[in-house]
Amino acid sequence: MRGMKSSRLYYGWVVVGIVFLTLLVSAAINSVPSVLMLPLEKEFGWDRSAVSGAISIRILLYGLMGPFAAAFMARYGVRKIMVISMLLLIVSLSLTPIMTSIWQMTLLWGIMVGIGTGSLANVLGVTIAGRWFVTHKGLVIGMLTASAATGQLLFLPLLAKLTEDIGWRTAVYTVVGVLAVLTPIVGIWMRNHPYDVGASALGTTEVVKPVPFTGNLFFTPIQTLLSAARSGTFWLLAGTFFFCGFSTNGLIGTHLIPACGDYGIPLVTAAGLLSLMGLFDLVGTTLSGWLSDRFDSRWLLFWYYGLRGLSLIFLPYALGMGYMQLTVFAVFYGLDWIATVPPTAKLASDTFGKEKAGMIFGWVVVAHQAGASLAAYEAGLLRVWLGSYTVPFVMSGFLCLLAALMALRIRRARAAAIQVAS
């Protein structure tokens, strides 16, 4: 303890590094179904809408776990929940190569992976930022959010190359190996709270003992939701985040590679486009966290959603025009991939307070994943019906333009807090 306290490096940055890597790998797991969709369709003859249905369940549970994961972290500690979640993922991924039917895909990837990755999601990053940082909080949220999105995209070329050259089972076992290395790192060096190392939150000088969680693990998140639901700000945050999920991991994260396949673009090349998005997302989302510490988050959301909408409307044309246009889309869209998280999380924290921010933002993420889940299934269904992805891409673009206008309707934090208290 004394060594940690006297160290020049604030231990919160070590915690951020561990969580960054964990979210990176968790997000990589979320990218696996995108790579597997075509090989599973070819090997087992599974309909694309059926595979999309299993993926949509995983996406929905990924969000639904958020507020409950925040409660479990408050009761049992962040480290313990992280380790348990990672062990669950190791088990579910290890069983994946021996599956032979779609119900097994739904169980392993819809339910088990959904629960595991849902406990290692954006709520984890918000919880860490709220506990360890007063200054640089927006920047930390931006970094951890970027890792969650960037990991999904950066791992895609490797997984796609392994799938194409050796087989999809090898790609899955590779992710299991990475998890097996990371899990003991979390178990040994992760800490739950600054108090554990005798430190204060960065930006303060007082060492504060964490407040014990006294509520019910299942009812407290629901009670928090009912309280937040009285605020119009909550519904606007949830509504805009619904459209965020609808236009990112549910649509592009799941269906861009199959859409590229429709135009004869090789698997590895398509995965490379998503990887390029990931690189620019790391820049864009980290910068968004920095901006959210300095500018009105509502206007940031307006520009993020508006520009994303325009890029999605452009995407069907880019697919038919060539690699140069797709590269322009990848760069432009990547900068905005999930830059909406830092300002949304900051608005939630400023409005509802840091004690409730984790659970309330968790419910906002539920809306995000509900939108993503709907988009994952809807886009696959429309592709089967219409023979292309043009309609879901363009429709999602116009919904983003609507979200941009909704963002401007969000109350300032003080006014929203008065509304909740009244």
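Report on the accompanying structure. Not measured: the values here are computed from a predicted model.

**Things to note about the overall build of the protein**
A count of helices and strands for the protein gives 18 helices and 0 strands. Taking 422 residues into account, the globule formula puts the C-alpha radius of gyration at 22 Å, and the protein, at 20 Å, falls close to it. Principal-axis analysis of the C-alpha atoms places the extent of the protein at approximately 60 × 45 × 40 Å. Of the roughly 16,600 Å² that the protein leaves accessible, carbon and sulfur atoms contribute 69%. When the 27 positive and 15 negative side-chain charges of the protein are each reduced to one mean point, those points stand 13 Å apart.

**Concerning the packing of aromatic side chains**
Counting across every chain of the model gives 16 aromatic pairs. Every member of this aromatic cluster is reached through a ring pair, and the members are Tyr10, Tyr11, Trp13, Trp132 and Phe133.

**Some thoughts on helix H11 (residues 252-262)**
Among the 11 residues in H11, 9 count as buried, and that is most of the element. Within H11, burial applies to Ile252, Gly253, Thr254, His255, Leu256, Ile257, Pro258, Ala259 and Cys260. Positioned one or two residues after H11, Gly264 has a phi angle of 75°, which is positive.

**Regarding the state of the cysteines**
Within this structure, the stated rule accounts for 0 disulfides. As a non-bridged cysteine, Cys400 has Cys244 as the owner of its nearest cysteine sulfur, 7.6 Å distant.

**Quick word on the environment of Ala404**
Here Ala404 lies in helix H17 (residues 390-407). Judged by its relative accessible area of 4%, Ala404 is buried. For the pair Ala404 and Thr240, spaced 164 residues apart in sequence, the C-alpha to C-alpha distance is 7.8 Å. Leave out the neighbours within four places in its chain, and Ala404 touches Phe302, Tyr305 and Gly306.

**Here we look at the pattern of salt bridges**
In this structure the tally under the stated criterion is 6 salt bridges. Residue Arg169 is joined to Glu43 by a salt bridge in which the shortest nitrogen-to-oxygen separation is 2.9 Å. Taken together, the residues Arg169 in helix H8 (residues 168-189) and Glu43 in helix H2 (residues 11-44) connect sequence positions 126 residues apart. A relative accessible area of 30% places Arg169 in the partly exposed class. In this structure, Lys161 and Asp165 form a salt bridge, with 3.2 Å as the shortest nitrogen-oxygen distance. Here Asp165 and Lys161 lie together in helix H7 (residues 137-165), a separation of 4 residues that amounts to about one turn. The class of Lys161 is partly exposed, set by a relative accessible area of 42%.

**Considerations on the environment of Arg383**
Within the fold, Arg383 resides in helix H16 (residues 354-386). For the pair Arg383 and His255, spaced 128 residues apart in the sequence, the C-alpha separation amounts to 9.7 Å. Contacts of Arg383, omitting those with residues within four sequence positions, involve Arg48, Asp262, Ser388 and Tyr389.

**Some points on a nonpolar patch on the surface**
Nonpolar side chains collect at one region of the surface, where Trp299, Trp303, Leu307, Leu310, Phe332 and Leu408 lie side by side and expose about 600 Å² of accessible area between them. Per element, the largest residue contribution to the nonpolar patch is 4 residues, and it comes from helix H13 (residues 297-321). In this fold, Leu408 is placed in the loop between H17 and helix H18 (413-421).

**Points about helix H15 (residues 341-352)**
For H15, spanning 12 residues, the distance from its first C-alpha to its last is 16 Å, which sits close to the expected 16 Å at 1.5 Å a residue. For H15, the buried fraction is high: 10 of the 12 residues fall into the buried class. Those residues of H15 not exposed but buried are Val341, Pro342, Pro343, Thr344, Ala345, Leu347, Ala348, Ser349, Thr351 and Phe352.

**A short note on the packing of helix H12 (residues 267-292) against H13**
Where H12 contacts H13, the axes come no closer than 10 Å and their chain directions differ by 150°. Judged on the interaxial angle alone, H13 and H12 are roughly antiparallel. Here the hand of the crossing between H12 and H13 comes out right-handed. Across the interface between the two elements, Ser288, Leu291 and Ser292 from H12 touch Ser297, Leu300 and Tyr304 from H13. Looking at the contact of H12 with H13, its residues break down into 3 nonpolar, 3 polar and no charged.

Reading the values: rules and limits
Within every chain, residues take consecutive numbers counted from 1 along the sequence as written. Selection of residues for local features in this predicted model requires a pLDDT of at least 70, selection of side-chain atom pairs for listing and counting requires 80 or more, and totals for whole chains, interfaces and linings are taken over all residues. Calculation of side-chain values draws on the structure's entire complement of heavy atoms; hydrogens and water are dropped beforehand. By definition, any uninterrupted DSSP run of H or I lasting at least four residues is a helix, any uninterrupted run of E lasting at least two residues is a strand, and each is numbered from the N terminus. Here the globule rule is a power law, 2.2 Å times the number of residues to the power 0.38, and the radius of gyration is based on C-alpha atoms. For the accessible areas, the method is Shrake-Rupley and the probe is 1.4 Å, while residue cover comes only from the protein chains on display. The convention is simple: Lys and Arg are positive, Asp and Glu are negative, and His and the chain ends are not counted. Working definition for charges: the position is that of NZ of Lys, CZ of Arg, CG of Asp or CD of Glu. Any pair of Phe, Tyr and Trp rings, taking the six-membered ring for Trp, is counted once the centres come within 6.5 Å. Such a pair is stacked with planes under 30 degrees apart, edge-to-face with planes over 60 apart, and tilted for the rest. Relative accessible area decides the class of each residue, using a 1.4 Å probe on protein chains only: under 20% of the type maximum gives buried, over 50% gives exposed, and in between gives partly exposed. Cysteine sulfur pairs qualify as disulfides if the two atoms are within 2.5 Å. In this description, contact between two residues means that some pair of their heavy atoms is separated by no more than 4.5 Å. Any Lys or Arg side-chain nitrogen found within 4 Å of a carboxyl oxygen on Asp or Glu counts as a salt bridge. Here the term patch refers to residues with relative accessible area over 30% and no salt bridge, with like charges joined within 9 Å and nonpolar side chains (Val, Leu, Ile, Met, Phe, Trp, Tyr) within 5 Å. Take the residue count of a helix, subtract one, and multiply by 1.5 Å to get its expected span. Orientation is described by lines fitted to C-alpha atoms, with helices fitted over the stretch in contact, and by angles between N-to-C directions that extend from 0 to 180 degrees. For classification purposes, angles smaller than 35 degrees are called roughly parallel, those larger than 145 roughly antiparallel, those between 65 and 115 roughly perpendicular, and all remaining angles oblique. By the definition used in this description, the sense in which the near helix is turned from the far one sets the handedness, with an anticlockwise turn below a right angle giving left-handed and a clockwise turn giving right-handed. Under the convention adopted here, Pro, Cys and the residues Ala, Val, Leu, Ile, Met, Phe, Trp and Tyr are nonpolar, Asp, Glu, Lys and Arg are charged, and Gly plus all remaining residues are polar.

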